[in-house]
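# Examination of the molecular architecture
Here are the chains, one letter per residue:
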Amino acid sequence: MTTSIKKLPDIEQVLSGNGACGGCPATMALRIVGKALGPNAIMLLTPACSVASMGMTPKLGYNWPCINICFATAGSSASGITHAIEIMKEKGRLQGDLPTVFSWAGDGGTYDIGFQALSAAAERNDNFIHFCYNNEAYSNTGVQRSGATPRGSYTTTTPTGKRHPKKNMALLMLEHNIPYVATATVAYPGDLYDKVVKAKNTPGMKYIEILSPCYLGWQFDMPETVQMSRMAVKSGAWLLWEAENGKITFNNPSSQIISGKKEPAPVDEYLMKQGRFSRLLKGPDAESRIAEIQGDINREIAFMRERAKITY
Ligand SMILES: Cc1ncc(C[n+]2csc(CCOP(=O)(O)OP(=O)(O)O)c2C)c(N)n1
Ligand code: SF4
Ligand SMILES: [Mg+2]
């Protein structure tokens, strides 16, 4: 059973007074992650909104030792830290439980710029958790497209709508044969919490991707973050799943969509709530543009349904 939001621990690792926008999904997600990881952890951050929001020493917004690293190096830096800790333990210079090492990066720092180092760390099965908070753009620098930006979306570098579909990064990570991969989003906090607890207790490389609707890039009203996150899941535009030792299972409500018990909500309503799509859906080609986006979603659902039948 998924942990109820009412049962999440009181512990707060994200402190008040940080510099994130109101309703920031990355900050919401990190609060839940903090409840699952607890204080005994070391955080690595690539340049992104979460870095810009964290404040300056000694008044950091995150209550862990935090290391700001280069954009491309989440995988290699986290590998270095985790190996250093293991060696210190071996030499008797660290006692007690080892801290959980985790990298916290955006989609830019994961799908694009950080991919090479992350892939190498996954191949080595190094012992840390990589979190990608995916707001589907480079938000911190004014909303440029990334590999996670869906087709049809406006960004400053795709002013007429992105022409290509997003890639399935979580699945790419799974294909590295790592022991734990999961997707989550802020509208389902108990689901995210449970997944982080599992990752924390699994040795080796773990990858958790959290869809993070950002009001600035997606162009909706700040208080609607959680609603957008829920709509993404209900329309099938974002699937909740996890893979333990290669076996994929879907989580509610995505499991109902995958099993065919529930039809995904038509994507129109989800798209029209977001200025990044709706501003491009006013012309005579609106219908074909929506059909193209719906086609990407349908294809992904059908593909993941079949992919989940394969175990190794
Ligand atoms: C090597 C390098 N290139 C570019 C930048 C500029 N930069 C800082 S944050 C950022 C955007 C990060 O996007 P993402 O990882 O998706 O995080 P988000 O801003 O969306 O939270 C960019 C391009 C940088 N700091 N380093
Ligand atoms: S721009 Fe988006 S991701 Fe960045 S701090 Fe604001 S709400 Fe969060
Ligand atoms: Mg981003």
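My aim in this report is to walk through the structure given alongside it, one point at a time. The model shown is predicted, which means the values in this text are computed figures rather than measured ones.

### Observations concerning the overall build of the protein chain
- The helix and strand tally for the protein chain stands at 13 helices and eight strands.
- With respect to the three principal axes, the spread of C-alpha positions in the protein chain is 70 × 45 × 40 Å.
- In the protein chain, of all internal contacts separated by at least 6 residues, the share reaching a separation of at least 24 is 71%.
- With 33 positive and 27 negative side-chain charges, the protein chain shows a separation of 2 Å between the mean positions of the two kinds.

### Examining the site of ligand 2
- Around ligand 2, the surrounding shell consists of Cys21, Cys24, Pro25, Cys49, Asn135, Cys214, Tyr215 and Leu216.
- Among the residues forming the shell around ligand 2, the class breakdown is seven nonpolar, one polar and no charged.

### Section: the packing of helix 3 (residues 74–90) against helix 5 (residues 115–124)
- As a packed pair, helix 3 and helix 5 sit with axes 6 Å apart at the nearest point and diverge in direction by 40°. When the axis of helix 3 is compared with that of helix 5, the two are oblique. Between helix 3 and helix 5, the contacting residues are Gly75, Ser76 and Ser79 on the first element and Ala117, Leu118, Ala121 and Arg124 on the second.
- Its residues assigned to classes, the contact of helix 3 with helix 5 shows three nonpolar, three polar and one charged.

### Side note on the sheet that holds strand 5 (residues 180–185)
- Taken together, the eight strands give an open sheet; going across it, the order is 2-1-3-4-6-5-7-8, and neighbouring strands pair in mixed fashion. Of all strands in the sheet, those bounded by a partner on one side alone are strand 2 (66–68) and strand 8 (247–250). Pairs of neighbouring strands in the sheet enclose a mean axial angle of 20°, with direction left out of account.
- Against the sheet, helix 3 makes contact with strand 1 (41–45), strand 2, strand 3 (100–106) and strand 4 (129–134), and its axis sits at roughly 170° relative to strand 3, the strand it touches most.

Scoring rules and cut-offs
Residues numbered from 1 in each chain as written. Chains lettered and ligands numbered in written order. Predicted model: local features only at pLDDT ≥ 70, side-chain atom pairs only at ≥ 80, totals over all residues. Heavy atoms only, no water. Helix = DSSP H or I, 4+ residues; strand = E, 2+ residues; numbered from the N terminus. Contact = heavy atoms within 4.5 Å. Lys, Arg positive; Asp, Glu negative; His and termini not counted. Charge placed at Lys NZ, Arg CZ, Asp CG, Glu CD. Near = heavy atom within 4 Å. Nonpolar A, V, L, I, M, F, W, Y, C, P; charged D, E, K, R; others polar. Axes fitted to C-alpha atoms, helices over the stretch in contact; angles between N-to-C directions. Parallel < 35°, antiparallel > 145°, perpendicular 65-115°, else oblique. Pairing = 2+ DSSP bridges.

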